[in-house]
Amino acid sequence: MERSIATTAPRTARRTARLPAGQPARGRLRAALERADVVHIGVLFVFLALAVYLLSNPERRNFYNHFVWQAEAFLDGRFAVRFPVAEGPHVNAYFQDVMPLPERPGFGLIPFPPLPALLITPLVAIFGLATNAALVAVVVGALNVGLAWRMVTRLTEDRAAAVLATLFFAFGTVHWYAAMLGSTWFLAHVFSITFLLLAVTLAIDGNRRPAAAVPPRGGLRRWLEPSQFGAGLLFGLACLSRLTIAFGAPFFAFVGAGGSFWRRAFSAGLGAFIPLVALIAYNVVATGHVFHPAYQWLYQHEYLGYLPEWMAIDRSWLIQDPRFIPMNSLILLAWPPVIRPECGLSLFDPTCPLLRPDQTGMSILLTSPAYLLALPVLRRAWRQPLVQGAALAVLSIVVINLMHFSQGWVQFGYRFSNDFAPFALMLVTLGIAGLGVRRLTIGLVLVSILVNAWGVYWGVRLGW
């Protein structure tokens, strides 16, 4: 059996739950965590996240709700949504992300993969266009926090490290911003993370089990591992919410049940193949094209006036073009907040704050510095298949996103980081477990949480 990455955590991470009387509060807290039921802790995380996400944005204006309109179209037997609707209790004439159909006035096509619309269709059947997609994002986002806890407990036996890693995901990454806002693009991120966490956890569970003997006879069963097939199927479903997640596929060749690199890859690939073929079929039936033409239409028509003039997009380039990488890398790694020294030390004054997030985005190193905890793992444990798979998945997704003409529209932080967050969270968890729960790890997670709380405040305050 392959040695579990969890066993690389330091010995202090596997302390016994019973401690002598008189131990400091930190020791008693650790002992309480070790005694607590892991499921109960996960449920507490869900309710904590639900409360924080709800209170972060109590209005939830549901301004951009493309998937509600798409679900209504599905219920009416259509692929095209009603557009533009300028009168009545529910309107969408202000939507940018709809390609009008000249041959069918009053209707248009939405380019986004359809899974979020399919998942909220039962709600739309009950509440119609009044369905609050933003509230759905809050609930599903809170469930994601429970799923993140479930995943990280597979990676380390140190409960304190797992708690710290889960807190980082829940409140120290832009998943918080996505879940509390829940507009179209962020709802897609939230749903994709759900299925990606399920897929990754199933692969990790398969990796921890003893490898079963490969059947001696030929046929599909010799190559197909059912558990890894299930992980691939869940991964494929995640791609039906955020297509760029597909570039994280290499992870499932390194991690999961199957006993060999190629058997893992084949089993997961076959599972992912089913949803992806379904997406192609959807595109062909809905548009007559393998690749949805609304993406190209959007590229030529999307408003990009929020970008600084020197970052103006050359629309003669491809929609995915390597020439976008240098400029977009600045947003990912180095984009600062808006700084106004003349405003004094106020951080929350709406008229003149010293610091305010830039609507273009902000460096991931500023918004979530605890991601740096992945670096020691990459250096010390790079031979571990889980580390190799997670790192390759993160790198592949980052590169394909940096090639995209747009880096997330108006936003706090870098919303595309949600695409690789579960993979990066594995590395951060191992980093915390390896370094221990101490000032450095706690400090980086705490700073991440404070920065994201600040960003959530401003995102809501500015109406983003």
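Analysis parameters
- Residues numbered from 1 in each chain as written.
- Predicted model: local features only at pLDDT ≥ 70, side-chain atom pairs only at ≥ 80, totals over all residues.
- Heavy atoms only, no water.
- Helix = DSSP H or I, 4+ residues; strand = E, 2+ residues; numbered from the N terminus.
- Rg over C-alpha atoms; globule rule 2.2 N^0.38 Å.
- Buried < 20%, exposed > 50% of the residue type's maximum accessible area, 1.4 Å probe, protein only.
- Areas by Shrake-Rupley, 256 points an atom, 1.4 Å probe, with all protein chains shown as cover.
- Lys, Arg positive; Asp, Glu negative; His and termini not counted.
- Charge placed at Lys NZ, Arg CZ, Asp CG, Glu CD.
- Expected span 1.5 Å × (residues − 1).
- Salt bridge = Lys/Arg side-chain N within 4 Å of Asp/Glu carboxyl O.
- Phe/Tyr/Trp six-rings, centres within 6.5 Å; stacked < 30°, edge-to-face > 60°.
- Lys NZ or Arg CZ within 6 Å of the ring centre and 35° of its normal.
- Pairing = 2+ DSSP bridges.
- Axes fitted to C-alpha atoms, helices over the stretch in contact; angles between N-to-C directions.
- Parallel < 35°, antiparallel > 145°, perpendicular 65-115°, else oblique.
- Left-handed = near helix turned anticlockwise from the far one by under 90°.
- Contact = heavy atoms within 4.5 Å.
- pLDDT = per-residue confidence, 0-100.
- Core = buried A, V, L, I, M, F, W, Y, C linked by side-chain atoms within 4.5 Å.
- Nonpolar A, V, L, I, M, F, W, Y, C, P; charged D, E, K, R; others polar.

(A) Region of interest: the overall build of the protein. Along the protein, the regular secondary structure elements total 19 helices and five strands. Since a compact globule built from 464 residues should have a radius of gyration of about 23 Å, the 23 Å found for the protein is in line with a globular shape. Once the C-alpha set of the protein is aligned to its principal axes, its extents read approximately 70 × 70 × 45 Å. Buried positions account for 55% of the 464 residues belonging to the protein. Counting every atom, the protein has about 20300 Å² of accessible surface; 67% of that belongs to carbon and sulfur. Distance from the positive charge centre (36 side chains) to the negative charge centre (21 side chains) of the protein: 15 Å.

(B) Molecular detail of helix α18 (residues 421-435). With 15 residues, α18 should cover 21 Å at 1.5 Å per step; its first-to-last C-alpha distance of 20 Å lies within 8% of that length. Burial runs high along α18: 14 of the 15 residues are buried. Downstream of α18 by one or two residues, Gly436 has phi in the positive range, about 95°.

(C) Spatial organisation of the pattern of salt bridges. Enumeration according to the criterion identifies seven salt bridges in this entry. Here Asp419 makes a salt bridge to Arg242, at a shortest N to O gap of 2.7 Å. Highlighted residues: Asp419 in the loop between α17 (385-402) and α18 and Arg242 in the loop between α10 (226-239) and α11 (251-254), separated in sequence by 177 residues. For the pair shown, Asp419 and Arg242 are each scored as buried. Because the salt bridges share partners, they merge into one network encompassing Glu72, Asp76, Arg78 and Arg82.

(D) Examining the packing of aromatic side chains more closely. Tallied over the entire structure, the rule returns 31 aromatic pairs. Seen from their ring centres, Phe171 and Trp176 are 5.6 Å apart, and the 80° between their planes marks the pair as edge-to-face. Assigned by exposure class, Phe171 and Trp176 land together as buried. Seen in terms of ring centroids, Tyr177 and Phe186 are 5.5 Å apart; in terms of plane orientation they differ by 75°. Their pairing is edge-to-face. Taken together through their ring pairs, the aromatic side chains of Phe63, Tyr64, Tyr94, Phe95, Trp185 and Trp409 make up a single cluster. Here the guanidinium or amino end of Arg104 rests over the ring plane of Phe107, the centre of that ring lying 4.3 Å away. The ring of Phe186 carries the charged tip of Arg415 above its face, separated from the ring centre by 5.9 Å.

(E) Quick look at the sheet that holds strand β2 (residues 99-100). Reading across the sheet, the three strands line up as β1-β3-β2 and stay open at both edges, with antiparallel pairing between neighbours. Both outer strands of the open sheet, β1 (81-82) and β2, are each paired with one neighbouring strand and no more.

(F) The arrangement of the side chain of Asn418 in detail. Among the structural elements, Asn418 can be located in the loop between α17 and α18. When its relative accessible area of 2% is taken as the criterion, Asn418 is described as buried.

(G) A look at the packing of helix α8 (residues 184-208) against α10. As a packed pair, α8 and α10 sit with axes 8 Å apart at the nearest point and diverge in direction by 165°. Taken as axis vectors, α8 and α10 run roughly antiparallel relative to one another. The hand of the α8/α10 crossing is left-handed. Side by side, α8 and α10 meet where Ser192, Phe195, Leu196, Leu198, Ala199, Leu202, Ala203 and Gly206 of the first sit next to Ser227, Gln228, Gly230, Ala231, Leu234, Phe235, Leu237 and Ala238 of the second.

(H) Structural context of the confidence of the model for the protein. Averaged over every residue, the pLDDT of the protein is 91; the share at 70 or more is 92%. Scored below 50 in pLDDT, residues 6-22 shows 24 contacts in the model against residues more than four places distant or in partner chains.

(I) Structural detail: the nonpolar core. Formed by 137 residues in total, the largest nonpolar core has its most connected members in Tyr53, Val200, Phe251, Phe252, Phe423, Met426 and Ile432. The element that contributes the greatest number of residues to this core is α8, accounting for 14 residues. Leaving out residues up to four positions away in the same chain, Met426 has contacts with Met151, Leu155, Val200, Ile204, Phe251, Leu386 and Ala390. The next biggest cluster of nonpolar side chains, apart from the first, holds six residues, and it includes Ala80, Leu101, Leu109 and Ala294.

(J) Here's a closer look at unusual backbone geometry. With an omega dihedral of -10°, the bond running from Phe83 to Pro84 counts as a cis peptide bond. One non-glycine residue, Trp409, adopts positive backbone phi at about 60°. Along the polypeptide, Trp409 turns up in the loop between α17 and α18. Under the relative-accessibility criterion, Trp409 is labelled buried at 17%.

(K) Quick look at the side chain of Asp97. Relative to the helices and strands, Asp97 resides in the loop between β1 and β2. One buried charged residue, Asp97, remains without a salt bridge, the closest side chain of opposite sign being Arg415 at 7.3 Å.

(L) Quick peek at the packing of α10 against helix α12 (residues 261-287). Running from amino to carboxyl end, α10 crosses α12 at an angle of 40°, the nearest separation of the two axes being 7 Å. The angle between the axes of α10 and α12 places the two elements in the oblique class. As α10 runs across α12, the sense of the crossing is right-handed. Residues Gln228, Phe229, Gly232, Leu233, Phe235, Gly236, Leu237 and Cys239 of α10 touch α12, and the partners they reach there are Arg264, Ser267, Ala268, Leu270, Gly271, Ala272, Ile274, Pro275 and Leu276. Each residue belonging to the contact of α10 with α12 can be placed in one class, and the counts come to eleven nonpolar, five polar and one charged.

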